[in-house]
Every structure is written in structure tokens, then in C-alpha cells.
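# Examination of the molecular architecture
The chain contents come next:
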Amino acid sequence: MQRLQSSLVSDFSLSRIAFGLWRLTDWSYTPRERLGLFEQMLDLGVTTFDLADIYGDYRCEQAFGEALKLNPVLRERMEIVSKCSIRLAGEVSGARINHYDTSATHVRSAVETSLRDMGIEQMDLLLLHRPDPLMDADALAAVLEQLVAEGKVRQLGVSNYLPHQTDLLQSRLSQPLVANQIEVSLLQSAPMFDGQLDYCQQHRVMPMAWSPFAGGRLFRGDDGDAVRVQQALHALCESRGLDPQVGAMQLAVAWLLKHPAKMVPVLGSGNPERLVAALAALDMEMEREDWYELLRAGRGREVD
């Protein structure tokens with residue numbers, strides 16, 4: 001498996017494709033079955049596991065920890081990514097309404113809860129899940145650096161942050177924000193034009209691409225944009241002699257991998273065969289005109 005080495009931190013890298021666990025509790029696996037899935041991914045070289053405190057209504061990290069407890073040594077082969085700053089209304093969070101919270105008190109509490117739920121002492125990468133209009137950059141930076149100094153967090157990053165929002169937080173930190181996890185797919189190519197991926201290239205931030213299949217819409221959507229992309233993918237599959245279903249998925253991943261910002265697609269499927277098939281995208285070559293053909297299908301118009 002290829003790896004992506006951070007240009008900002010010498011001893012930090014991610015697998016070229018990450019395993020997204022936001023649906024972990026939906027897969028109805030036993031802890032032993034979850035462990036087997038984790039072991040299979042690690043053996044394939046997928047070492048980056050992506051979580052967040054709110055996933056599964058605050059239950060995914062616990063489910064992850066239950067499985068990891070069965071073979072704790074696997075922790076040494078993983079990069080565990082988690083996120084915080086969203087509070088969902090309900091008994092677990094104690095929040096009355098859904099809102100963002102980057103206060104020092106909440107961030108510390110969220111990180112310590114995540115560590116306890118997963119049964120680990122340190123997360124490799126902490127991402128601020130969403131920009132918070134009430135973010136006090138000084139207070140947030142202070143608690144983030146304390147968490148790093150205490151060994152509870154190894155590296156810091158953001159998620160869904162625009163360049164100016166990243167710059168604000170970075171201006172208060174003494175260490176780099178090494179990653180930004182953003183939504184990118186054939187049906188969500190805006191980050192290629194609005195400065196997000198340009199910023200990542202300029203500042204050597206590692207972009208992680210969430211929802212690379214547009215929540216399944218890329219293959220099952222019946223709206224005009226989705227159908228147009230499906231037709232373009234199927235045409236490329238036919239020209240390459242690929243199975244239409246598997247090949248379409250591989251091409252969608254290969255399209256992301258070709259971008260020079262060096263995105264890390266986050267794939268979240270509980271089907272091992274589907275995940276293994278997607279990994280074949282790492283060995284696929286995509287010609288520039290094929291890439292633009294898919295871009296044209298996703299945007300619904302020719303280049304200007």
C-alpha cells in the first residue's frame with residue numbers, strides 16, 4: 001500500500017486510502033467480526049482509521065474500542081483519526097440543540113472521552129470537525145497544544161475548514177495543522193475551484209476526502225448530475241474492459257488520487273470485498289482527458 005508522508009512533520013504519514021468508520025454501528029458486526037475486518041484492512045496496508053466522537057450517535061468509538069480490546073497490539077499498526085466540535089442534541093451530549101463547540105472545556109472533554117471509549121492513550125490525529133463561528137482561536141489553540149504536550153493527541157488538523165478559517169487557527173498555533181478533511185467527489189468538485197485544494201497544495205496540508213462516492217449517489221442516484229456521471233463512468237469501464245459496477249467505483253477513486261494535492265479518500269464500507277476492489281484504484285492510470293471527461297460529467301458543462 002502506498003503511503004502519504006506529511007511534508008510538515010517528519011514522522012507522520014497516512015495510508016493512501018483511509019478506512020472510514022462512521023457507519024460501524026450500522027453493520028451489525030460482533031466485536032470479533034469487527035476485529036477481523038480491522039485485521040484484514042491492516043494486512044492490505046490500510047492503516048488509517050477515521051472516526052469522530054458523534055459517529056453512530058456517539059457509539060462508534062465505543063464499538064471500535066470493544067473490538068480493539070480483543071487484540072490491543074493492533075493499535076501499533078494504526079493511525080487513529082478522530083474529530084470533535086459538533087455537539088448533537090440529546091442525553092449523551094447534554095445539548096439542547098445541535099451546535100458547534102470549540103470551547104477549551106468541550107474540546108478537552110471530547111478528546112478524553114474519545115480516548116476512554118476507544119481504550120487508547122493517544123489519538124494520532126485530532127481534527128476539528130466543523131468551523132465554529134464562536135471559535136476563540138487563542139483559547140482553542142491553547143487547549144490543543146496542551147493535549148499534544150500531555151501526549152493525548154499526536155498531530156492536529158481540521159475538517160471542512162475554508163482557507164481563511166484554517167489560517168486563523170494556524171496563526172495561534174506553534175505546530176502545523178497537518179490535514180484538512182473535506183468533502184470531495186465527482187459530484188462535489190467545488191474544492192478544486194474554491195481554493196480549498198489549492199491551499200492544501202500551497203501549505204502542504206494533507207487533504208482527506210470524505211464521501212468520495214457522494215453517499216452512494218454516484219452509483220445509485222437518479223438525478224441528472226448523478227446519471228450523467230454514471231454514464232461517463234460506464235463508458236470508461238467499457239473502453240477499459242472493466243466490470244461496470246466494480247470499475248466505476250475504482251475509477252471514481254482513481255479520479256481523486258490523480259489530483260496533485262494528494263488526497264486520501266476515506267472509504268467507509270463494511271463489505272470487505274468492496275473495499276478490496278476499491279484498493280485496485282491505486283494501480284490505475286488515468287489519462288488527463290479521461291479525468292476531464294469525468295469532471296465535465298460531474299459539473300454538467302465544458303471547461304470555460
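Residues numbered from 1 in each chain as written. Predicted model: local features only at pLDDT ≥ 70, side-chain atom pairs only at ≥ 80, totals over all residues. Heavy atoms only, no water.

It is worth spelling out helix 3 (residues 60-68) at this point. Given 3.6 residues per turn, any residue in an α-helix points the same way as the ones three and four places further on. Burial of helix 3 is extensive: seven of the nine residues sit out of reach of the surface. Where helix 3 is concerned, the buried positions are Cys60, Glu61, Ala63, Phe64, Gly65, Ala67 and Leu68. Along its buried surface, helix 3 packs onto helix 1 (31-43), strand 4 (48-50), helix 2 (55-58), strand 5 (79-84) and helix 4 (104-118). (Buried < 20%, exposed > 50% of the residue type's maximum accessible area, 1.4 Å probe, protein only. Helix = DSSP H or I, 4+ residues; strand = E, 2+ residues; numbered from the N terminus. Contact = heavy atoms within 4.5 Å.)

A separate point is the pairing of strand 9 (residues 153-159). Counting buried positions over the seven residues of strand 9 gives six, a clear majority of the element. Sheet analysis places strand 9 next to strand 10 (residues 177-183), joined by three bridges and oriented parallel. Opposite Val158, over in strand 10, you have Asn180 as the bridge partner. The handedness of the strand 9 to strand 10 crossover, carried by helix 6 (residues 163-170), is right-handed. (Pairing = 2+ DSSP bridges. Right-handed = clockwise from strand over helix to strand, strands pointing away.)

What follows concerns the sheet that holds strand 12 (residues 264-267). With parallel pairing, the eight strands of this closed barrel are ordered in space as 3-4-5-8-9-10-11-12. Taking the axes of each pair of neighbouring strands and ignoring which way they run, one obtains an average angle of 30 degrees across the sheet. The pairing of strand 11 (residues 206-210) with strand 12 spans two bridges and is parallel. Pairing of Ala209 across the sheet is with Pro265, part of strand 12. (Axes fitted to C-alpha atoms, helices over the stretch in contact; angles between N-to-C directions.)

A few words now on the side chain of Gln155. In this fold, Gln155 is placed in strand 9. Take Gln155: its relative accessible area is 8%, and that puts it in the buried class. Ignoring sequence-local partners within four residues, the contact set of Gln155 consists of Val9, Asp11, Phe12, Asp124, Leu125, Leu126, Gln175 and Val178.

Per the counting criterion, the structure on display carries nine aromatic pairs. Summarising the aromatic geometry, the rings of Phe19 and Phe49 are spaced 5.7 Å apart at their centres and angled 70 degrees between planes, so their arrangement reads as edge-to-face. Of this pair, Phe19 sits in strand 3 (residues 18-20) while Phe49 sits in strand 4, and the two are 30 residues apart along the sequence. We classify Phe19 as buried; its relative accessible area is 1%. (Phe/Tyr/Trp six-rings, centres within 6.5 Å; stacked < 30°, edge-to-face > 60°.)

All right, on to the side chain of Ser15 then. Structurally, the position occupied by Ser15 is in strand 2 (residues 13-15). For Ser15, the side chain forms a polar contact with the main-chain oxygen of Ile17, separated by 2.7 Å. Beyond its immediate stretch of four places on either side in the chain, Ser15 contacts Met1, Gln2, Arg3, Gly45, Val46, Thr47, Thr48, Glu79 and Val264. (Polar contact = N/O pair within 3.5 Å; in protein donor to acceptor, adjacent residues only side chain to side chain.)

The next thing to look at is the packing of helix 1 against helix 11 (residues 272-279). Close contact between helix 1 and helix 11 brings their axes to 11 Å; oriented N to C, the two are set at 15 degrees. When the interaxial angle is binned, helix 1 and helix 11 end up roughly parallel. The way helix 1 lies across helix 11 gives a crossing that is right-handed. Only Pro272, Leu275 and Val276 of helix 11 make contact with helix 1, whose side of the interface consists of Leu37, Gln40 and Met41. When its residues are assigned to classes, the contact of helix 1 with helix 11 shows five nonpolar, one polar and no charged. (Parallel < 35°, antiparallel > 145°, perpendicular 65-115°, else oblique. Left-handed = near helix turned anticlockwise from the far one by under 90°. Nonpolar A, V, L, I, M, F, W, Y, C, P; charged D, E, K, R; others polar.)

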